[in-house]
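# Commentary on secondary and tertiary structure
Single-letter residue listing:
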Amino acid sequence: MLHVALSNIKTYARRYIAVVLAVAIGTAFLAATLAVNSSTQATLKNSLGESYKNADLVAYSDPNLDPETTEQTSFTLKETDDIRKLSGVTEAYGLGYAYGQMHTSDNGYNVQVQPVDPKQGLGGMELVEGRAPLSNNEMIIDQSHAEDMGISVGDVVALDDEQGKAQNIKIVGLQRSSTNPQTSAYALAGMSEKAWSNFAGEQANFNDIVIKGDGALNAVTQEVQDYFADKKMKDIAVVTADQKVIDDVAQMTGGTDQLTVVLLIFALIALVVTGLVVVNTFSVVIAQRTRELALLRILGAKRKQIRSSVLLEALVIGVVASVIGVLLAVALLAGLIALLHALVPSMSYAAMAVTPVGLIVPIIVGILMTVIAASLPARRAMKLAPLAALRPFDSASVKNRAGIVRIIFGAILAALGVALLIFGAVKGDLIVAFLGGLLSFPGILMLASLFVPSSVAGIGKAFAGKSTSRRLAALNAVRNPGRTTATATALLIGVTLVSMIMVGGQTAKASLNNSVAAEYPMDMAVSFFDGTADEAKAKELAEKINDVEGVSATTTFASTTAELDADTGADMGLDGSVQLQLLSVNPEEFSKTVLDQQIVPKPGEIVLTGWDFGKPTIKIGDKTLKVRETSALLSGSPIAEETLKTLGLKNAQTYPGIIVKVDEDVAGSKINELVTEISDITGVDSSMIDGGVVMKSMFSQIIDVLLTIVSALLAVAVLIALIGVANTLSLSVLERTRENSLLRALGLKKKQLQSMLATEAVLIGGVAALLGMILGVAYGLLGAQSALSEMGKMTYSIPWLQLIAVLAISIIAALLASIMPGRRAAKLSPVEGLATE
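Residues numbered from 1 in each chain as written. Predicted model: local features only at pLDDT ≥ 70, side-chain atom pairs only at ≥ 80, totals over all residues. Heavy atoms only, no water.

## A few points about helix α5 (residues 193-200)
Residues spaced three or four apart along an α-helix face the same direction, because each turn holds 3.6 residues. The complete set of buried residues in α5 reads E193, A195, W196, F199 and A200. The arc enclosing the buried residues of α5, seen along the axis, measures out at 160°, which places them on a common side. The outward face of α5, more than 90 degrees from its buried face, is lined by the exposed residues K194 and N198. Buried residues belonging to α5 abut α3 (77-84), β3 (98-103), β4 (108-116), β7 (156-160), β8 (166-175) and β9 (187-192). Backbone geometry just downstream of α5 places G201 in the positive-phi region, at approximately 65°. (Buried < 20%, exposed > 50% of the residue type's maximum accessible area, 1.4 Å probe, protein only. Helix = DSSP H or I, 4+ residues; strand = E, 2+ residues; numbered from the N terminus. Arc of directions from axis to C-beta. Contact = heavy atoms within 4.5 Å.)

Shown next, in the form of structure tokens:
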């Protein structure tokens with residue numbers, strides 16, 4: 001039967017093209033998912049493990065080793081020096097960071113400083129210019145930040161520690177910029193160990209000690225462990241550098257790779273849709289070969305041999321398609337990594353890693369899926385009696401026993417799932433709603449045979465009018481209800497999920513925007529808490545910002561603190577005195593820049609934020625102020641400038657700031673540009689500019705990126721489904737060769753025949769997309785309600801234009817899928833067609 005199977009594949013190769021494409025795409029998706037996982041791990045090792053790249057061992061505090069310890073052990077220079085003196089150790093350095101402010105003649109920057117020693121591998125740093133710092137007033141800095149700051153070797157800068165103590169530092173070298181995501185956000189500097197200890201003060205501790213050994217690694221490990229045991233440091237672990245990187249990656253990802261989980265879900269969806277295409281294709285192929293199979297039975301082939309022949313065909317197709325899919329995934333990922341290296345040189349640490357499991361598993365899954373999907377049609381072929389098979393093959397009806405069982409089971413799943421989904425939405429329980437979705441959607445798909453053919457027939461009848469080709473198309477579209485249902489279901493799955501993500505994402509965006517607007521009554525706020533601007537400078541900068549396009553108003557504020565007595569602290573539910581942050585504002589100007597007028601203070605009044613005070617007045621010093629409480633998120637409690645002056649606060653730390661109101665017509669995509677421009681004007685890092693529009697922009701961008709990624713992933717399922725539409729039409733053309741030729745002989749023109757097939761495709765694709773949109777909207781709204789209802793009032797938003805675009809794309813794609821089958825049918829002359837057996 002192997003010879004028969006291979007002969008059939010060769011003879012009917014064109015019929016299997018769609019199956020090969022579908023299986024290859026589905027398998028490629030799974031292979032790419034696994035390759036992304038392994039490549040992500042390798043890339044994180046290259047970045048997170050940068051500090052350990054030349055090391056053999058890493059010593060660090062692991063609380064699991066000593067559960068009774070309440071305080072995590074840290075290292076000092078003494079432990080590091082002791083480790084260096086061990087016989088098996090050649091190099092050792094501590095990883096620790098101290099933070100400060102570096103000032104150039106133009107600006108100020110946050111800087112992260114670590115200790116380095118030229119004798120100890122420079123503490124993980126790699127010099128690219130200059131030399132290592134040796135004296136107390138020397139420092140090196142990373143190359144990329146040096147370029148941004150306009151700093152070069154030989155320049156002198158001012159460096160403030162966390163206590164505000166300043167010193168002049170000479171830049172003596174540049175080091176290669178860090179690829180570690182935990183440190184690359186800061187300007188990374190290095191000082192000699194002695195200078196760093198003075199700079200860090202009481203915070204001069206290390207998180208890790210990185211060790212390079214001389215000799216057998218096991219012996220060095222034991223020697224280091226013995227040292228810590230003698231020191232009674234029970235919670236110190238000593239592991240290889242590779243193991244430390246693995247632990248860091250696990251800690252960073254929470255022990256799970258959420259990206260891989262999400263990708264695997266979409267890969268599963270693609271494989272399910274692929275399976276539907278395979279089942280549909282083999283069902284029709286077997287229907288086309290009933291006479292051939294009957295002849296084999298007459299010649300002595302047994303039922304099991306017939307079944308084996310079909311499964312062998314599926315096995316060969318599965319092997320070929322799966323291998324193609326895996327090779328396609330590897331080539332695609334390799335191309336993306338190479339493109340990333342070319343376009344973003346700073347991402348040179350990105351690595352591609354493909355494991356044997358990542359190659360073998362997709363191939364096995366692809367083969368099994370193809371064979372399992374073909375097993376149902378193979379069983380049908382096995383049951384054909386020789387004489388019965390010589391008659392035209394009729395599709396199995398949904399009214400048979402299997403169909404009734406499927407419908408009953410589907411109805412139970414759908415009813416239970418819908419009930420759970422609605423309950424989860426009403427109660428705001430995402431887990432219950434998610435479970436309801438998992439149950440109801442498969443149930444609805446099982447019931448598809450009840451509503452998909454009737455929907456296609458109804459819409460086809462309404463759409464046909466008096467056109468002969470359209471009326472024939474409407475009849476042909478439901479001529480084989482099982483095939484129509486399978487083809488439409490594959491597309492329905494993809495469109496439902498795409499629509500659900502669009503509606504859920506749009507609703508989430510609208511709800512989050514409204515929630516942010518209520519909690520953040522200021523569009524933007526710039527604070528000069530680092531002392532880079534005084535009150536006069538802040539007013540000058542505010543006037544410059546006011547001239548920026550997209551800004552409608554600005555005002556300044558002064559942030560200060562007031563100490564309240566213990567009695568007031570008790571009223572606030574605290575034990576002892578309270579440090580209250582105040583925002584001193586000009587009420588008239590302040591009212592023009594805020595979204596909520598309820599936070600504008602009146603003379604003799606304070607708008608208390610962040611406290612549940614519950615009393616009409618509050619006493620600050622000798623002054624009693626009226627209290628108005630707000631739930632808005634502010635960096636302090638607003639108070640009028642004139643009122644603040646009457647409080648007589650002394651020795652209070654004060655810094656100025658600017659409030660910016662943004663024009664309502666400024667698009668969310670332009671907010672980042674506006675933030676950058678304000679950052680350039682004020683000299684404040686853009687990450688320190690916050691406010692309502694910044695939060696809304698951030699949420700919107702995150703949701704938009706997620707929507708784009710998810711929609712692109714689901715597009716794979718839609719693509720496979722459309723291949724199924726083209727495949728169904730191709731097989732339908734072969735199945736109705738004599739019928740189409742008879743229509744041609746009776747006067748149907750070529751264009752009318754092509755129009756009939758195009759209409760048939762549009763009916764199947766359009767109805768599937770329309771039903772998918774309806775289901776997607778329902779799932780999206782209920783899902784958003786269950787996930788976001790705890791935030792407060794929901795704002796439902798349906799992206800009608802995007803949904804219409806999905807429907808239009810589905811219809812156009814179905815129309816394109818009909819071109820080749822239509823041409824093939826039109827090329828055949830009526831005489832040749834009527835002569836076909």
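## Some thoughts on the packing of aromatic side chains
Any aromatic ring pair is given by two values, namely how distant the centres are and how the planes are angled relative to each other. Taken as a whole and judged by the stated rule, the model has 4 aromatic pairs. With centroids separated by 5.2 Å and ring planes inclined at 70°, the aromatic side chains of Y227 and F228 adopt a geometry described as edge-to-face. One exposure class covers both Y227 and F228, and it is buried. Between F441 and Y779, the ring centres sit 5.9 Å apart and the planes meet at 85°, which makes this aromatic pair edge-to-face. Taken together, the residues F441 in helix α14 (residues 430-446) and Y779 in helix α25 (residues 750-788) connect sequence positions 338 residues apart. Its relative accessible area of 13% is what places F441 among the buried residues. On the accessibility criterion, Y779 (9% relative accessible area) is buried. One aromatic cluster is present, formed by F75, Y227 and F228 through successive ring pairs. (Phe/Tyr/Trp six-rings, centres within 6.5 Å; stacked < 30°, edge-to-face > 60°.)

## Quick word on the sheet that holds strand β11 (residues 236-240)
With antiparallel pairing, the 4 strands of this open sheet are ordered in space as β2-β10-β1-β11. The open sheet has two edge strands with one neighbour each: β2 (89-95) and β11. With direction set aside, neighbouring strand axes in the sheet form an average angle of 20°. As paired elements, strand β1 (residues 57-61) and strand β10 (residues 208-213) share 4 bridges and run antiparallel to each other. Each bridged residue has a counterpart across the sheet, and for L57 the counterpart in β10 is I211. Contacting β2 and β10, α3 crosses the sheet at an angle of about 165° to β2. Taken strand by strand, helix α6 (residues 217-230) contacts β1, β2, β10 and β11, and its axis lies near 170° from that of β11. (Pairing = 2+ DSSP bridges. Axes fitted to C-alpha atoms, helices over the stretch in contact; angles between N-to-C directions.)

## A closer look at the environment of R483
By the element assignment, R483 lies in helix α17 (residues 481-519). The class for R483 is buried, based on a relative accessible area of 8%. Considered as a pair, R483 and P453 are 30 residues apart in the sequence and their alpha carbons are 9.6 Å apart.

## What about the pattern of salt bridges?
A full pass over the atoms with the stated rule returns 7 salt bridges. Notably, a salt bridge pairs E138 with R131, separated by 2.6 Å at the nearest N-O pair. Look at E138 and you get buried, because its relative accessible area is 10%. The exposure class assigned to R131 is partly exposed, which follows from its relative accessible area of 36%. The salt bridge partner of E605 is R628, with a shortest N-O separation of 2.6 Å. Residue E605 is located in strand β15 (residues 605-609), and its partner R628 is located in strand β17 (residues 623-630); the two are separated by 23 residues in the primary sequence. R628 carries the same exposure label as E605, and that label is buried. Where salt bridges share partners, they join D81, R84 and E193 into one cluster. (Salt bridge = Lys/Arg side-chain N within 4 Å of Asp/Glu carboxyl O.)

## Description of the pairing of β7
Relative to β7, β3 is paired through 3 bridges, and the arrangement is antiparallel. Paired with Q101 across the bridge in β7 is D160. Pairing analysis gives 5 bridges linking β7 to β8, with the strands arranged antiparallel. Residue pairing across strands places L159 opposite Q167, the latter belonging to β8.

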